Structures are given as C-alpha cells and as structure tokens.
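# An overview of the molecular structure
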Amino acid sequence: MMSGRGIRGAAAGLFMAAVLPVAAGCSDNDTSPSDAVSKAASAASRGGDVVASATAKAKEELDRVKGGVNAKGDIALGGVTKDGDRLTVPVTATNSSGSQASYAVQVNFRDSGGNLLDTVVVTLHDVDKGKSKKATARSNRNLTGDVRADVGRALRH
C-alpha cells in the first residue's frame, strides 16, 4: 500500500511540473498566477488520484488471492523499457516450491526519488516446480523520466 508520503511526493512532483512553466513566464494566455496555481494543484490532485486508484486496484487483486504465501524471492524483474506510450518491465517467476503454482506479482514503477508513479499486478499461471515463466508488466499510463521498477508484493498460490 502506498504511504501518504508517497502520494504527497507524487502530487508535489506533478504540481511542480505544472507550476514551473507558468512561473518561468511560458504561458501565452491571460491566466492569472492564482488561476495557474489552482489549475496546477488540481492536476496534481488528479495525478495523486490516479496513483491511489492503481494502488487500490492492485491491493484488491492481491487480496483476492486465497492461500498465497510471500514469494518475492521467486521473482526477478528485467529493465524498464518504453513500449508505445507505456513503460514495460519483464517479470520472471521461478517456482521454488515442491509443486506447480501460480503467482500474483505487484510491480511498482517509481521515479529516481523513490516516489510511486504507478503500480500493476501481473499473474503467471501454472508454473511447474523448479521451472520459470515470464510475463510483462505494463504501466497503466504514460510515464516519463528516469523510471525504475520494483516488486511490491508477490504471492505464490
């Protein structure tokens, strides 16, 4: 689950991205500074709402897994790459249990400061014991800049 600090950090980053061009005089319209700040705050709030919504959806998906055990050690992520307007990251689950299992993996996309930008859940079904299976995590929205991925939670069931 995302902490309040992570939401505030993401919202602050969006706020600054929206306010800096106005503060630098890049606006060609007749918008007053207070209108610009209000619009930027609204945009930051929506950005925070998007992250909060993705986080809630990921939690909901993982909460549906019955009898799952922590399996972060079974998961490896590859590098983040751009695919169209989204970012993707390869996810590999290596089944360390004694029988076939499925995995639900929460992949977090973070900026270089560690702020959560997006989160998705990837499922890998029927991974044979001692074998690996690959999937791809794809961001819910367009993300830019230096984005990294990490495993938030991983459940084997």
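These lines cover the structure that appears in this document, whether it is placed above or below.

Calculation notes
Residues numbered from 1 in each chain as written. Predicted model: local features only at pLDDT ≥ 70, side-chain atom pairs only at ≥ 80, totals over all residues. Heavy atoms only, no water. Helix = DSSP H or I, 4+ residues; strand = E, 2+ residues; numbered from the N terminus. Buried < 20%, exposed > 50% of the residue type's maximum accessible area, 1.4 Å probe, protein only. Polar contact = N/O pair within 3.5 Å; in protein donor to acceptor, adjacent residues only side chain to side chain. Contact = heavy atoms within 4.5 Å. Core = buried A, V, L, I, M, F, W, Y, C linked by side-chain atoms within 4.5 Å.

With that settled, consider the side chain of Asn108. Turning to its location among the elements, Asn108 is positioned in strand E5 (residues 101–110). The buried category is assigned to Asn108, whose relative accessible area is 5%. A distance of 2.8 Å separates a polar atom in the side chain of Asn108 from a polar atom in the side chain of Thr119. Filtering out sequence-adjacent residues up to four positions away, Asn108 remains in contact with Leu116, Asp118, Thr119, Arg148, Ala149, Asp150, Val151 and Gly152.

The next subject is the nonpolar core. Core analysis: the largest hydrophobic core is formed by 21 residues, its most contacted members being Ile75, Tyr103, Val105, Val107, Phe109 and Leu124. Elements with a minimum of two residues in this core: strand E4 (86–94), E5, strand E6 (116–127), strand E7 (132–138) and strand E8 (148–156). The leading source of residues in this core is E6, at five residues. Of all hydrophobic cores here, the second largest spans six residues; its members include Val65, Ala104, Val121 and Leu155.

We now examine the side chain of Thr119. Along the chain, the position of Thr119 falls in strand E6. For Thr119, a relative accessible area of 2% corresponds to the buried category. For Thr119, the side chain forms a polar contact with the main-chain oxygen of Val107, separated by 3.3 Å. Look past the residues within four positions of Thr119 in its chain and what remains in contact with it is Ala54, Thr55, Ala58, Gln106, Val107, Asn108 and Asn140.

So, on to the environment of Asp150. Along the chain, the position of Asp150 falls in strand E8. Classification of Asp150 as partly exposed rests on a relative accessible area of 25%. It is 9.1 Å that separates the C-alpha atoms of Asp150 and Ala76, two residues lying 74 residues apart in sequence. For Asp150, the residues in contact, after removing those within four places along its chain, are Leu77, Gln106, Val107, Asn108 and Arg110. A polar atom in the side chain of Asp150 sits 2.6 Å from the side chain of Arg110.

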